[in-house]
Amino acid sequence: MSEMIINTAKIVRQVVLQQVQAIQEELFDIQTAGFNNTIRWNVGHMIYWMDKYSNLSFSSPSAIPGSYDTLFNSGTKPLDWTFAPPSKEELVEMLTEQLSRLSELTPEMLGEKHSTPYALGPFQFNTAGELFNFALIHEAIHLGTISSQLKVLSR
């Protein structure tokens, strides 16, 4: 089961990379009606939270710039940014680096129990694999948001 989660993580991230690479950077900062954020924010948010979930799940050290917390954490938005966000190229690099690190995961790592369950709202995650699996769902949700934003932009 754990190997399936690792394989799914790699596939989801490959799909994200293909989608993001195909988007013209001019579209990254357009905030369309009905959306709270932009494509750039959603991509950065996925990177930010994959880094956080990796830290929470596996105690992996953070591998993203500190500025990502200010730019892409939950509750942030581009209208509040006071400095330039990363370029599409930098975001693609970060997505790619995170994909490489997914290859370092082992089924044993996913089976590790948290010393205390990790609570996220009403949900509790007892193992690294449970929390990491939630990270994949989170990433897929934001990929869907990006796809929806692109549909609105193409009208």
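Residues numbered from 1 in each chain as written. Predicted model: local features only at pLDDT ≥ 70, side-chain atom pairs only at ≥ 80, totals over all residues. Heavy atoms only, no water.

Enquirer: A description of the overall build of the protein chain should follow, citing residues and the corresponding values.
Expert: Scanning the protein chain from terminus to terminus reveals 6 helices and 2 strands. Taken from N to C terminus, the helices and strands of the protein chain fall in the order α-α-α-α-α-β-β-α. Relative to its length of 155 residues, the protein chain is compact, with a C-alpha radius of gyration of 16 Å against a globular reference of 15 Å. With respect to the three principal axes, the spread of C-alpha positions in the protein chain is 45 × 25 × 25 Å. (Helix = DSSP H or I, 4+ residues; strand = E, 2+ residues; numbered from the N terminus. Rg over C-alpha atoms; globule rule 2.2 N^0.38 Å.)

Enquirer: So, the side chain of Q98: which residues are in play, and what are the values?
Expert: Relative to the helices and strands, Q98 is located in helix α4 (residues 88-102). Assessed through its relative accessible area of 4%, Q98 is described here as buried. Apart from residues lying up to four places away in sequence, Q98 is in contact with R13, I47, M50, D51 and I64. (Buried < 20%, exposed > 50% of the residue type's maximum accessible area, 1.4 Å probe, protein only. Contact = heavy atoms within 4.5 Å.)

Enquirer: Tell me about the pattern of salt bridges, residues and numbers included.
Expert: Here the structure, examined in full by the defined rule, presents 4 salt bridges. Here R13 makes a salt bridge to E139, at a shortest N to O gap of 2.7 Å. On the criterion of sequence distance, the pair formed by R13 in helix α1 (residues 2-22) and E139 in helix α6 (residues 128-153) is long-range, its members being 126 residues apart. Comparing R13 with E139, the two get one shared label, buried. The shortest N-O distance in the salt bridge between E25 and R40 comes to 3.2 Å. One end of the pair, E25, is in the loop between α1 and α2 (39-58); the other, R40, is in helix α2, and 15 residues separate them in sequence. Several salt bridges share partner residues, and in doing so they unite E25, D29 and R40 into one network. (Salt bridge = Lys/Arg side-chain N within 4 Å of Asp/Glu carboxyl O.)

Enquirer: Mind laying out the nonpolar core, listing which residues take part and the relevant values?
Expert: The biggest cluster of nonpolar side chains holds 41 residues, and the ones touching the most others in it are V43, I47, Y68 and F132. For this core, the secondary-structure elements that each account for two or more residues are α1, α2, α3 (67-72), α4 and α6. When residues of this core are assigned to their parent elements, the largest contribution, 10 residues, is made by α2. (Core = buried A, V, L, I, M, F, W, Y, C linked by side-chain atoms within 4.5 Å.)

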